[in-house]
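Structural overview
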Amino acid sequence: MILARLNEERGALGTPESKTIPILAYHKITSHLSLDPDSMPMSMFDKQLRFIHGMGYRAVKTEELIENPFQASGGKKFMLAFDDAYETTVRNSFHILKKYNFSGIIFVITGYMGKRNYWDTRARGKFKHLTEAQIKRLSKTGLEFGSHTVNHENLLHLTNEKCYRELKDSKEHLENMLGKPVLALSYPFGKQNERIQEIARKAGYKLGVCIHNSMRKYNPMAVRSWGIYPWDTRASVRGKLVQSGFEQFKLNFIKLGSEGAALLNACLRRND
Ligand SMILES: [Zn+2]
């Protein structure tokens, strides 16, 4: 059954026409190597961007992606996204982005601006988020900002009203701060479904990005982003940029594995 589902997902994305502009997603860019899989040392980040730049890729901005999300044959557009808006990420990546003339979008948890990451159960309080003043200054340099909600909660667990407030309040907060429209949202933990997409649409978003998603057909409110990790090689980064069948297979396999583990845990709990 698992193989049939993997093949179905591979087949649905297999034709070149169906390929969209890829979104590469990073979390923390750090000065040193760390055991945290969401952390990428800046030297590695530099090497990856040099490699992507060397292949002739150009980073697009949100409006360009919304206007035409599809990659032309032989096209080399991509989007660079950073979840969580950590201070360390900008400090260690900004000069590298400038070096390769890449733009990027940073997804902000508006309830945590200037605070430490107490929402993160794995690294509670260890990292500081950008302050409002820093975000305003960075916005003037051309970096883009999107919403990553107010509190970084799993939206699937919230009522419609609470979910709407998470999406609408964070959007309005950023728009008032920056004086620019905020069109893109990154769902915390990549968790969303049709109900959440509809609420996001009502809140005024035009693009919903989710890490770990497997896209059967293009849906602007559930666009897959490709997480990039310290163990990614040149081959896997290239595979994610061209959204190769092999990388999709790996992603779907990992996703099914984690779904299977969650199901098993639920069954075991039921038998306790
Ligand atoms: Zn996040």
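Residues numbered from 1 in each chain as written. Predicted model: local features only at pLDDT ≥ 70, side-chain atom pairs only at ≥ 80, totals over all residues.

With that settled, the discussion passes to the overall build of the protein chain. A count of helical and extended segments in the protein chain gives nine helices and 10 strands. Per-residue burial over the protein chain gives 35% buried out of 272 residues. Taking contacts inside the protein chain between residues at least 6 apart in sequence as the whole, the part at least 24 apart equals 64%. (Helix = DSSP H or I, 4+ residues; strand = E, 2+ residues; numbered from the N terminus. Buried ≥ 20, exposed ≤ 12 C-beta atoms within 10 Å, placed from the backbone. Contact = placed C-beta atoms within 7 Å.)

Here we come to the confidence of the model for the protein chain. Confidence in the prediction of the protein chain, expressed as mean pLDDT, is 87, and 86% of residues score 70 or more. Within the model, pLDDT remains below 50 along residues 1–18, and this stretch shows 19 contacts once partners closer than five positions in the same chain are excluded. (pLDDT = per-residue confidence, 0-100.)

Between its terminal C-alpha atoms helix α4 (residues 87–99) stretches 19 Å, which fits the 18 Å expected from 13 residues at 1.5 Å a residue. A bend of about 40° at Ser93 is the largest found in α4. Listed as buried for α4 are Thr89, Asn92, Ser93 and Leu97. Buried residues along α4 sit in contact with β2 (28–30), α2 (42–54) and β5 (77–83). Taken from the residues just after α4, Asn101 is the one with a positive phi, measuring 55°. (Expected span 1.5 Å × (residues − 1). Bend = angle between axes of the 7 residues up to and from the residue.)

In this structure, Ala200 sits in helix α7 (residues 194–202). Overall, Ala200 belongs to the buried group, with 27 C-beta atoms counted inside 10 Å. Taking the C-alpha atoms as reference, Ala200 lies 7.7 Å from Met221; in sequence the two are 21 residues apart. Ignoring sequence-local partners within four residues, the contact set of Ala200 consists of Leu167, Leu185, Tyr205, Gly208 and Met221.

In terms of residue burial, strand β10 (residues 223–227) counts as a mostly covered element, since five of its five residues are buried. Neither face of β10 is left uncovered, since the one carrying Val223, Ser225 and Gly227 and the one carrying Arg224 and Trp226 both have all their residues buried. Here strand β1 (residues 23–26) pairs with β10 via two bridges, running parallel. Bridged to Ala25 within β10 is Gly227. (Pairing = 2+ DSSP bridges.)

Despite not being glycine, Asp84 has its phi angle at roughly 85°, a positive value. Tracing the sequence through the fold places Asp84 in the loop between β5 and α4. Of note, His152 is a non-glycine position whose phi angle comes to about 55°, a positive value. Among the structural elements, His152 can be located in the loop between β7 (144–147) and α6 (160–178).

Moving on: the pairing of β5. In terms of residue burial, β5 counts as a mostly covered element, since six of its seven residues are buried. The pairing of β1 with β5 spans four bridges and is parallel. Directly across from Tyr26, in β5, lies its bridge partner Phe82. Note that strand β4 (residues 58–59) and β5 share two bridges and pair parallel.

The N-to-C vectors of α6 and α7 enclose an angle of 50°; their axes lie 9 Å apart at closest approach. Between α6 and α7, the angle is such that the two are oblique. At the point where α6 passes α7, the crossing takes the right-handed sense. Where α6 abuts α7, its residues Asn160, Cys163, Tyr164 and Leu167 lie against Ile196, Ile199, Ala200 and Lys202. (Axes fitted to C-alpha atoms, helices over the stretch in contact; angles between N-to-C directions. Parallel < 35°, antiparallel > 145°, perpendicular 65-115°, else oblique. Left-handed = near helix turned anticlockwise from the far one by under 90°.)

A few words now on the nonpolar core. One broad trend across soluble globular proteins is that nonpolar side chains are buried collectively. Residues Met79 and Ala81 are the most contacted members of the largest nonpolar core, which totals 53 residues. Broken down by element, this core gets its largest block of residues, five residues, from β5. When near neighbours in sequence (up to four residues on either side) are disregarded, Ala81 contacts Ile23, Leu24, Ala25, Gly104, Ile105, Phe107, Ser186, Val209 and Ser225. (Core = buried A, V, L, I, M, F, W, Y, C linked by C-beta atoms within 7 Å.)

One can describe the packing of α2 onto α4 by two numbers: an axis separation of 10 Å at closest approach and a directional angle of 25°. By the angle class used here, α2 and α4 are roughly parallel. Read as a crossing pair, α2 and α4 show a hand that is right-handed. Between α2, through Met42, Phe45, Asp46 and Leu49, and α4, the contact on the second element is made entirely by Asn92, Ser93 and Ile96. Class assignment for the residues of the contact of α2 with α4 results in four nonpolar, two polar and one charged. (Nonpolar A, V, L, I, M, F, W, Y, C, P; charged D, E, K, R; others polar.)

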